[in-house]
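Report on the structure
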Amino acid sequence: MSDLLLLGLIGGLTLLLLLTLLAFAGYSGLLAGVAVSAGSPPILNITVAYKFHMGPYGETGRLFTESCSISPKLRSIAVYYDNPHMVPPDKCRCAVGSILSEGEESPSPELIDLYQKFGFKVFSFPAPSHVVTATFPYTTILSIWLATRRVHPALDTYIKERKLCAHPRLEIYQQDQIHFMCPLARQGDFYVPEVKETEQKWRGLAEAIDAQVDGTGADTMSDTSSVSLEVSPGSRETSVATLSPGASSRGWDDGDTRSEHSYSESGASGSSFEELDLEGEGPLGEPQLDPETEPLGTTKWPWQASTPEKGKE
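Parameters at a glance
Residues numbered from 1 in each chain as written. Predicted model: local features only at pLDDT ≥ 70, side-chain atom pairs only at ≥ 80, totals over all residues. Heavy atoms only, no water. Core = buried A, V, L, I, M, F, W, Y, C linked by side-chain atoms within 4.5 Å. Buried < 20%, exposed > 50% of the residue type's maximum accessible area, 1.4 Å probe, protein only. Helix = DSSP H or I, 4+ residues; strand = E, 2+ residues; numbered from the N terminus. Contact = heavy atoms within 4.5 Å. pLDDT = per-residue confidence, 0-100. Pairing = 2+ DSSP bridges. Phe/Tyr/Trp six-rings, centres within 6.5 Å; stacked < 30°, edge-to-face > 60°.

- With an unreviewed UniProt entry as reference, the protein is termed Testis-expressed sequence 264 protein isoform 1, source organism Callithrix jacchus.

Below, the structure is given as structure tokens:
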């Protein structure tokens, strides 16, 4: 009799544990719907303190923790520039930090000095006229893991089906929600200076390789050629095209130097913005799209979770 009682107790505790885990997952957003829309951005123009990271996106958790520890009340932000499914993990680029101010408000000099003291840089992002956006509940650490595996594929599908040029990808941790945003205009203004610096470096290597190949008339797979393969795993022509988001008002090169590995290739051949169903309504109304935006091709890719700590925005 005591054995049956013990087995019943174990079974009851196991069932209770499973129900608790299911309830926790549900509270974290397991059953939450993912609605992707195009419209006004969820935030105004912002000033951010950030650190640039080149490497696996899964390593960005320490940057979230560092920025949150400086000022826990500020919202966290991450900007991802490369397709982690196409770009080698050690070449993926992103910027992670905190939002210092929004809209007409200016960040205090003391706050700027505090972040700069810990090695953060300050940069401003505009409010684009239109974005592709989605939200997901942010109630526990598990919410981040669920969001990255549910929202990003939904964004990829939406962008691909409508053949949009939407890049880079922003995650904004605001109160109890994670906002995902992909600008449809002024994309170049969301690229921090370090992205341009890496592109210039890679472009110089690629041009040196091409010059050597053109001089010999054949690719001899020299030591320099091996650098090309490390910079970009595609063909030599692909490695020459760097990961630039294109021209912008910050003095970027006028030529379109986007490669298939850049997250900037978010749509396929050309869909006019007027054809979009603008379901999203944000704080900026409905301004016109930048006419210079050019739709490109897309590749669906899985996303790796970043790990800002809950309760420290």
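Once the structure has been displayed, the description carries forward.
1. Let's talk about the nonpolar core
- One finds Val132, Phe136, Val151, Leu155, Ile178 and Phe180 to be the most contacted residues of the largest nonpolar core, which totals 30 residues.
- When contributions to this core are tallied by element, the ones reaching two or more residues are α2 (61-70), β3 (76-80), β4 (93-102), β6 (131-137), α4 (141-161) and β8 (177-183).
- Sort the elements by how many residues they give to this core and α4 lands first, with seven residues.
- Setting aside its immediate chain neighbours within four residues, Phe180 contacts Val132, Thr133, Ala134, Phe136, Ala147, Val151, His152, Leu155, Leu170 and Glu171.
- Core analysis: the second largest hydrophobic core is formed by 19 residues, Ile77, Val79, Ile99 and Tyr191 among them.

2. Some points on the confidence of the model for the protein
- The share of residues in the protein with pLDDT of 70 or more is 68%, and the mean pLDDT across the chain is 74.
- Long-range and interchain partners of residues 218-260, a stretch whose pLDDT sits below 50, account for 93 contacts in this model, where long-range means more than four residues apart.
- Contacts of residues 265-272 to residues separated by more than four positions or lying in other chains number 35 contacts, the stretch itself having pLDDT below 50.

3. Side note on the environment of Thr135
- Relative to the assigned elements, Thr135 resides in strand β6.
- Owing to a relative accessible area of 30%, Thr135 belongs among the partly exposed residues under this scheme.
- The sequence separation of Thr135 and Ile178 amounts to 43 residues, and the corresponding C-alpha distance is 5.5 Å.
- Apart from the residues within four sequence positions on either side, Thr135 is in contact with Gln177, Ile178 and His179.

4. Let's talk about the pairing of strand β7 (residues 169-174)
- Buried residues dominate β7, accounting for five of its six residues.
- Note that β3 and β7 share five bridges and pair antiparallel. Across the sheet, residue Ile77 finds its bridge partner in β7, namely Ile172.
- Across five bridges, β7 lies against β8 in antiparallel orientation. Note that in β8 the partner of Leu170 across the bridge is Met181.
- Hairpin geometry of β7 and β8 is characterised by an intervening segment of two residues between the two adjacent antiparallel strands and by a positive phi of about 55° at Gln175.

5. Comments concerning the packing of aromatic side chains
- Tallying each qualifying case throughout the model produces eight aromatic pairs.
- With a centroid separation of 4.7 Å and an interplanar angle of 40°, the aromatic rings of Tyr81 and Tyr191 are classed as tilted. Remark: Tyr191 occurs in the loop between β8 and α5 (193-216) and Tyr81 occurs in the loop between β3 and β4; sequence separation between them is 110 residues. A single burial state applies to Tyr81 and to Tyr191, both of which are buried.
- Each ring, one from Tyr138 and one from Tyr173, has its centre 5.3 Å from the other, and the planes form 70°; the classification is edge-to-face. Separated by 35 residues along the polypeptide, Tyr138 in the loop between β6 and α4 and Tyr173 in strand β7 bring together distant segments of the chain.
- Judged by its relative accessible area of 0%, Tyr138 is buried.

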